[in-house]
Amino acid sequence: EYSFSAFWKLAIRVIYPMAEKIIAVSEEVRQGLMDDFGIKPEKVEVVNNGIDVRLVRRKAEEYIPDVRRYILSCGRLEYQKGFETLIEAMRELPDRMVVILGEGRMRENLKSLAEQKRVNLLLPGHIENPYPYFKHADVFVLPSRYEGFSNVLLEAMACDTPVVSAASPGGIRDIIEDSVNGILCPAGDSEALGKAVKRLLENPEEGRRMAERGRERVLSFNIDDVVCRYGMILREV
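What counts and what doesn't
Residues numbered from 1 in each chain as written. Predicted model: local features only at pLDDT ≥ 70, side-chain atom pairs only at ≥ 80, totals over all residues. Heavy atoms only, no water. Helix = DSSP H or I, 4+ residues; strand = E, 2+ residues; numbered from the N terminus. Buried < 20%, exposed > 50% of the residue type's maximum accessible area, 1.4 Å probe, protein only. Contact = heavy atoms within 4.5 Å. Pairing = 2+ DSSP bridges. Axes fitted to C-alpha atoms, helices over the stretch in contact; angles between N-to-C directions. Salt bridge = Lys/Arg side-chain N within 4 Å of Asp/Glu carboxyl O.

## A look at the environment of Ala89
Reasoning step 1: Looking at the secondary structure, you find Ala89 in helix α4 (residues 83-89).
Reasoning step 2: Given the relative accessible area of 3%, Ala89 is considered buried.
Reasoning step 3: Along the primary structure Ala89 and Asp189 are separated by 100 residues, whereas in three dimensions their C-alpha atoms are 8.3 Å apart.
Reasoning step 4: Apart from the residues within four sequence positions on either side, Ala89 is in contact with Ser190, Leu193 and Gly194.

Next comes the structure, spelled out in structure tokens:
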């Protein structure tokens, strides 16, 4: 699903070798640059995205959403984000609402699909402060077909919410260790996604353990540390 146009492939092959350093957002992206474009390993450094963990946790306490017993996702309502897979998966969990935060061209398509599959779907649109929704969700799900590096996954983990994610190309595996601090599923597999969500709902203690480990893991992506990492690389070139 994740590919470059011919123009960008040519641009990368010509321009990237001229750089003193290339910063990749994940190990998978770094490996792709070396394997697909012949970039020398010593040229590529990995610096993951970061979030302000304290700010996210503080803003998560600002209000309580007017919705209960829901599975949450968040992102642009576009093909890349794979929200159709989530709606398909939730056919097996009729007692839970699906809440997807964000706006995009697929809003009406998603509403129609939810009606067809008899899934209770709420699309609140863009929320200025989405973090209380993260904090009070039963499970956060990232069903993307491909994802460079997911800040919303970090934000959900910072809010102590158990997470399920498609193991899509990009940077997800830099964040989640399967069945340790979250659950990974094959991208586009609605059956696996549904089983993973159901597993966490039926085993709340396991979900709590994963959420606790997620809370610890997200500290590795605190924005202050990321800025320091950039500073170190810049001083070396």
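## With respect to the sheet that holds strand β4 (residues 97-101)
Reasoning step 1: Sheet architecture is open: six strands sit in the order β5-β4-β3-β6-β7-β8, paired in parallel fashion. The open sheet is flanked by β5 (121-125) and β8 (183-185), the only strands paired with a single partner. Neighbouring strand axes in the sheet, compared pairwise and without regard to direction, differ in orientation by 25° on average.
Reasoning step 2: Pairing of strand β3 (residues 70-74) with β4 involves five bridges; the strand directions are parallel. Each bridged residue has a counterpart across the sheet, and for Tyr70 the counterpart in β4 is Met97.
Reasoning step 3: Helix α8 (residues 190-202) contacts β3, β6 (139-142), β7 (163-166) and β8 of the sheet and is inclined by roughly 165° relative to β8.

## Considering the pattern of salt bridges
Reasoning step 1: Under the criterion given, the structure shown has 18 salt bridges.
Reasoning step 2: Close ionic contact of Asp95 with Arg69 constitutes a salt bridge, the shortest N to O distance being 3.1 Å. Of this pair, Asp95 sits in the loop between α4 and β4 while Arg69 sits in the loop between α3 (53-59) and β3, and the two are 26 residues apart along the sequence.
Reasoning step 3: Judged by relative accessible area, Asp95 falls into the partly exposed class, the value being 43%.
Reasoning step 4: With a shortest N-O distance of 2.8 Å, Arg96 and Asp95 are connected by a salt bridge.

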